[in-house]
Amino acid sequence: MAAPTSYTEAELKAYIHASLAGVASVFGWTVAGGSYDEMVNDALLALGHSDIASVSGTQDVARLRTTARLMAWRAVVEQSSMNFDFSADGGSYSRSQINEMARERVTALETETAAYLGTFAAHTQRVRHAHDPYTEATDLERAL
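This section reports on the structure supplied with the text. Everything numeric in this text was worked out from a predicted model, so none of it was measured.

1. Quick look at the packing of aromatic side chains
Within the structure shown, the criterion is met by 3 aromatic pairs. Ring plane angle 35 degrees and centroid distance 5.1 Å describe the contact between Phe-27 and Trp-29, whose orientation is recorded as tilted. Ring centres of Trp-29 and Tyr-36 lie 6.2 Å apart, and the angle between their planes is 85 degrees; on these two criteria the pair is classed as edge-to-face. There is no split in this pair, since Trp-29 and Tyr-36 are both buried.

Spelled out as structure tokens, the structure:
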């Protein structure tokens, strides 16, 4: 099976739905119901694309997929932010677990998409400490 080099909106929405697995069903999200429309828009805008047809090639598709998953998990965090733990009728319900798990996924995906979204930067700078015992002393310094 070859990797995709382009996507339609319907295909990307189906991919997002599948990547959320059972979490989507907790909120009643469906592809047909338009639950993923804004997630697709957010992913395209984050990558600087105005139309999904402008995304082509394996690199662009990889960026789109990762960014779409990030937007989906951010939506899960938002949707589950009011979920709280409670006890009723002798049972204990930990609904906040979805939010905690979604936040972990967002953190992981933000790291994964940092290079795509221009939010990652690495800088180096040479530092020389005056009292570094591993620097080589000059002849004049040795003579003193």
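2. A few points about the environment of Val-76
Position of Val-76 among the secondary structure elements: in helix 4 (residues 58-79). With a relative accessible area of 0%, Val-76 lands in the buried category. Taking C-alpha positions, Val-76 is 23 Å from Gly-118, a pair spaced 42 residues apart along the chain. With residues near it in sequence (within four places) discarded, Val-76 still touches Leu-20, Val-23, Phe-27, Trp-29, Ile-98 and Ala-102.

3. Focus on the pattern of salt bridges
What the rule picks out here adds up to 5 salt bridges. One salt bridge in this structure joins Asp-37 and Lys-13, with 2.6 Å as the shortest N-O distance. Of this pair, Asp-37 sits in helix 3 (residues 37-47) while Lys-13 sits in helix 1 (residues 9-20), and the two are 24 residues apart along the sequence. You can call Asp-37 partly exposed: its relative accessible area is 31%. Residue classification places Lys-13 among the buried positions, given a relative accessible area of 13%.

4. A word on the nonpolar core
Leu-12, Ile-16, Leu-20, Trp-29 and Leu-64 are the most contacted members of the largest nonpolar core, which totals 30 residues. When contributions to this core are tallied by element, the ones reaching two or more residues are helix 1, helix 2 (23-27), helix 3, helix 4 and helix 5 (96-117). Ranked by residue count, the leading element in this core is helix 4, at 10 residues.

5. Quick notes on helix 3
By the burial criterion, the buried members of helix 3 are Met-39, Val-40, Ala-43, Leu-44 and Leu-47. With its buried residues spanning 135 degrees around the axis, helix 3 presents them on a single face. For helix 3, the exposed residues set more than 90 degrees away from the buried face come down to Glu-38 and Leu-45. Tucked into the core, helix 3 has its buried residues touching helix 1, helix 4 and helix 5. Phi for Gly-48, located one or two positions after helix 3, is positive at around 85 degrees.

6. Structural notes on helix 1
Here helix 1 contains 12 residues, and its C-alpha end-to-end distance of 17 Å stays within 8% of the 16 Å for a straight helix at 1.5 Å per residue. For helix 1, the full list of buried residues reads Leu-12, Lys-13, Tyr-15, Ile-16 and Leu-20. The buried side chains of helix 1 occupy one side of the element, clustering within an arc of 160 degrees when seen end-on. With respect to the buried face of helix 1, the exposed residues turned more than 90 degrees away are Ala-10 and Ala-18. Ala-21 lies just past helix 1 and shows a positive phi near 50 degrees.

Calculation rules
Residues numbered from 1 in each chain as written. Predicted model: local features only at pLDDT ≥ 70, side-chain atom pairs only at ≥ 80, totals over all residues. Heavy atoms only, no water. Phe/Tyr/Trp six-rings, centres within 6.5 Å; stacked < 30°, edge-to-face > 60°. Buried < 20%, exposed > 50% of the residue type's maximum accessible area, 1.4 Å probe, protein only. Helix = DSSP H or I, 4+ residues; strand = E, 2+ residues; numbered from the N terminus. Contact = heavy atoms within 4.5 Å. Salt bridge = Lys/Arg side-chain N within 4 Å of Asp/Glu carboxyl O. Core = buried A, V, L, I, M, F, W, Y, C linked by side-chain atoms within 4.5 Å. Arc of directions from axis to C-beta. Expected span 1.5 Å × (residues − 1).

Interpretation in functional terms is not warranted from these geometric data alone.
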